[in-house]
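# Coordinate inspection notes
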Amino acid sequence: MSVLKGIGFNGAIDRRDMASNLVSGLIVFLVALPLCLGVALASGTPLFAGIVSGVIGGVIVGLISGSQTSVSGPSPGQVAVVIAQMSILGRFDVFLAALVVSGLVQILFGVIRAGTLSAFVPNNVIKGLLAAIGVILILKQIPHIVGHDTDPEGEMAFIQPDKETTFTELLGIFGDFHQGAALIGIISLLMLFAWDRYKLGSRLGMPAALAVVLVGVVGKLLFNLVGGNWAIEASHLVQVPVAGNLNEFIGSFQWPDFSAFLSPKVYLSGLTIAIVSSIETLLNLEAIDKIDPQRRKSPQNQELLAQGVGNVLAGLVGGLPIASVIVRSKLNIESGATNKLSAIFHGILLILCVLIVPQYLNLIPLSCLAAILFVTGVKLARPQLFVETWKSGLSQFLPFFATMIAIVLTDLLTGIIIGVAVSLAFILYRNLKRPMQIVIENHLGGEVIRFDLANQVSFLNRASMQEEFEKLPRGAHLMIDASGSYFIDTDILDLIRDFSSNVAPLRGIKVSLNGFQDHYDLKNQIQYIDYSSRELQEKITPEQALRVLLDGSERFREGRQLSRDFTRIVSATSAGQHPMAVVLSCIDSRSPAELIFDLGIGDIFSIRIAGNISGPKVLGSMEYGTAVAGAKLLVVLGHTRCGAVTAAVNFAGSVESIEKQTGCQHLHAVIDRIQQSFDTIQTMIQTDAGSKTPEFVDEVAANNVVYTARQIMQRSETIRNLVDEHRIAVVAGIYDVGSGRVRIIPEGTFGLDLSSLPADNFKELAQCEV
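Now for a look at the structure at hand. (Residues numbered from 1 in each chain as written. Predicted model: local features only at pLDDT ≥ 70, side-chain atom pairs only at ≥ 80, totals over all residues. Heavy atoms only, no water.)

## So, the overall build of the protein chain
Looking only at helices and strands, one finds 33 helices and 13 strands in the protein chain. Relative to a compact globule of 770 residues, whose C-alpha radius of gyration would be 27 Å, the protein chain shows 39 Å and is clearly more extended. Taken over the C-alpha atoms alone, the protein chain extends approximately 115 × 75 × 55 Å along its principal axes. Out of the 770 residues in the protein chain, the part that is buried amounts to 54%. Considering only contacts in the protein chain between residues 6 or more positions apart, those separated by 24 or more positions represent 77%. Working note: accessible area of the protein chain is about 34,000 Å², and carbon and sulfur atoms make up 60% of it. Separation of charge centres in the protein chain, based on 57 positive and 66 negative side chains, amounts to 2 Å. (Helix = DSSP H or I, 4+ residues; strand = E, 2+ residues; numbered from the N terminus. Rg over C-alpha atoms; globule rule 2.2 N^0.38 Å. Buried < 20%, exposed > 50% of the residue type's maximum accessible area, 1.4 Å probe, protein only. Contact = heavy atoms within 4.5 Å. Areas by Shrake-Rupley, 256 points an atom, 1.4 Å probe, with all protein chains shown as cover. Lys, Arg positive; Asp, Glu negative; His and termini not counted. Charge placed at Lys NZ, Arg CZ, Asp CG, Glu CD.)

Structure, rendered in structure tokens:
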């Protein structure tokens, strides 16, 4: 166990965990074997080269890699690259020299931490990659399932070396299929789907893929006994090279032509192979991490180092380019792998079985292995993936779909480039159309049109921004807010500078600027009033002040709070204060008046006391705020679920003192005052056992606010005279801590005509005597 931990396994290792990984490695081995041979055959290289890379990819790369689920080996996606480089270099031993160079380049990529580049590929493109591999597997495996084995198992290109395409190959099955192979393929498919549906794996203690291979071998032997058209020949079976003895096996290894390292073509080919292998590995790694049940994040740079070491060794002993392969990795995860032991074990099985029992491996029909890959493809390209991406919108679906179609019709690298290009096109389109968000704000000093610039504003946005400038009405006030931007093109800065300095003054438009950095050579300035000044306080009426508060409460409730430069407001209000309203609210932490009404510094006098009660000190503060400081509105703001009102209701009729029940010496002063707001509360509680519900408490809170407003009018001659002279108004309101809405209670409002307010601004007073 200590040895296993030493080579990079994560977490505790128990026997059950080890068993599941060994079984998974066996299943991956059975599928990887024909793929390794098929990639070599499709590339025009020795079959043994595919086995060599499969072993190195499993054992060596598996040991060094930081991924727990990725399986590496010769990749079907690199067949075209191998063919192209072989045509340039001429000989396989020269190609091996280029492969050594590619491995060294990948090691360099890992050292300079180039692996992080994969993070710039959008998620929808990665999803398109997964779906494309699934579609390719489905299309490519159908011919093999029915015994149409004209192409090797590892051939995944759309345009094949024999000039056929994936689609024409599908049409070819109608004239060429094998009865025995087709029957095994169909039975294998039915077994695989039934295994998942009826959970036969847990009942029989055997993975579906292993059961399918065993049935395939038995079926092959039986059909050969039947003979005729049912006999399954070598062309429909796995074809592992069989060495006559150990010397012949060792002779299968090939070495690079070391003199080729003097040729520039070798280095150019090596760089090409390294780039393609690295991109494929990084993208596959991103995709594999997304389907890993434990959602582990594989270290990309470590993976590049591992792949680089693997390709150097493959070049030295006669292998093919190695990369992380999504097909084997997906099958590895589905088979229950939890760590890299499965990948390593599959590599060990490759070399041992090819060395010891190749003749038995050659009994496995390709059609049963094709069925396993077909089902893997169905799971990769599951319909839910298309539905989920479609629901995310066209900006997500089109890059996903374009990536999938492009990979199916071309190759992985081309498809990824097309998918990223479509994603970039959507980004450019959004930037062209929406370089900013336009918000209309009603500040104390009037309406302000705010342009919130995007995080990046380039020259591409110049036309649309100029169009918005031209739409501004004469005499408007414009705020251009760049606080959310980290890049603004010089062309945009010139446009803003010209508009604010030359165009806007001619049209009577005032331009305020905020959030512009010093190096933009634009001075931040606010030219509108966003706090209560002396001039505004003198002009505003009680009705207007109430409208400002109610508008602010709606903004607060909807999350549309005004943007304010509090540093500037602090400086502007340091010499004096001119609030437009006095607000008596509760001390409850959920009801801060400035936030509820979306107000700034200096806009209101805020008095907070438990239960909104009005003693002499509170009345004195109100009289100062209205008669001396000039506030035009006095608001008594209660709230639902009020703790003080709840206590008053609960303690009503109690014979035991409040101090004794709570341990608070002076709480009775608050409770007694609240209990004065209802005459029949004790009778109601005594006759109705359900009267202490939260809804009842909320109604008492509303009545308490009205009672307080009336007490203010009765007890303060100063405030009463100001109301009679129409200099101020008194308003009772209730704030719902659940919805964030403020409603006015007409029975507690004095000196105001409320007919202009919408009906949903009011709270109907409950049937509780005041």
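Still to come is the rest of the account.
## Looking at empty space enclosed by the protein
Overall, the coordinates contain five cavities of 30 Å³ or more when judged by the stated rule. When its volume is computed, the largest cavity comes out at roughly 110 Å³. Surrounding the largest cavity, 14 residues form its lining, K140, H144, D151, Q160 and E169 being those nearest its centre. Contributions of two or more residues to the lining of the largest cavity are made by α6 (123–145) and α7 (166–171). Looking at the lining of the largest cavity element by element, the count peaks at five residues for α6. In terms of residue class, the lining of the largest cavity is built from three nonpolar, six polar and five charged. (1 Å grid on protein atoms, 1.4 Å probe; cavity = no way out; pocket = protein on both sides within 12 Å on 5 of 7 lines; lining within 4 Å. Points joined across faces, edges and corners; volume = space filled by probe spheres on them. Nonpolar A, V, L, I, M, F, W, Y, C, P; charged D, E, K, R; others polar.)

## Brief notes about the pairing of strand β9 (residues 581–585)
Counting buried positions along β9 gives five out of five residues, so the element sits mostly inside the fold. Covered by surrounding structure in β9 are A581, V583 and S585 together with V582 and L584, the residues of both alternating faces. Inspection of the sheet shows β9 paired to strand β10 (residues 604–608) by five bridges, in the parallel sense. When the bridges of β10 are listed, S585 appears paired with R608. Both β9 and strand β11 (residues 633–639) contribute to a ladder of five bridges, which runs parallel. Bridging from a neighbouring strand, V582 pairs with L634 of β11. (Pairing = 2+ DSSP bridges.)

## Overview of unusual backbone geometry
Non-glycine residue N612 carries a positive phi angle of around 55°. We classify N612 as buried; its relative accessible area is 2%. A positive phi is found at H726, a non-glycine position, where the angle reads about 60°. With respect to the element layout, H726 can be found in the loop between α33 (717–724) and β12 (729–735).

## Some remarks on the nonpolar core
L33, I364 and I372 are the most contacted members of the largest nonpolar core, which totals 114 residues. In terms of residue count, α6 provides more of this core than any other element does, 12 residues in total. With sequence-adjacent residues up to four places away left out, L33 is seen in contact with I51, V238, V240, L350, V354 and L361. With 44 residues, the next largest nonpolar core counts V618, I671, A701 and I734 among its residues. (Core = buried A, V, L, I, M, F, W, Y, C linked by side-chain atoms within 4.5 Å.)

## Considering the environment of Q661
Mapping Q661 onto the fold places it in helix α29 (residues 658–662). Taking C-alpha positions, Q661 is 84 Å from V52, a pair spaced 609 residues apart along the chain. Residue contacts for Q661: discarding those within four places in its chain leaves F651, S654 and E656.

## Some words on the packing of aromatic side chains
A complete count under the given rule lists 16 aromatic pairs for this structure. Here F397 and F401 contribute two aromatic rings whose centre-to-centre distance is 5.6 Å and whose plane-to-plane angle is 15°, an arrangement assigned as stacked. One end of the pair is F397 and the other is F401, both in helix α19 (residues 394–409) and four residues apart, which spans about a single turn. What makes F401 partly exposed here is its relative accessible area of 34%. Residues F605 and Y624 carry aromatic rings whose centres are separated by 6.2 Å and whose planes lie at 65° to one another, so their mutual orientation is edge-to-face. With a gap of 19 residues between them, F605 in strand β10 and Y624 in helix α27 (residues 616–628) connect regions that are remote in the sequence. (Phe/Tyr/Trp six-rings, centres within 6.5 Å; stacked < 30°, edge-to-face > 60°.)

## With respect to a nonpolar patch on the surface
Taken together, the side chains of L246, I250, I348, L352, L355 and I356 make up a nonpolar region of the molecular surface, amounting to roughly 520 Å² of accessible area. Breaking the nonpolar patch down by element, the ones donating at least two residues are α11 (246–251) and α15 (341–356). Ranked by residues supplied to the nonpolar patch, first place goes to α15 with four residues. Relative to the assigned elements, L355 resides in helix α15. Accessibility expressed as a relative area gives 38% for L355, which makes it partly exposed. (Patch = residues over 30% accessible without salt bridge, like charges linked within 9 Å, V, L, I, M, F, W, Y side chains within 5 Å. Salt bridge = Lys/Arg side-chain N within 4 Å of Asp/Glu carboxyl O.)

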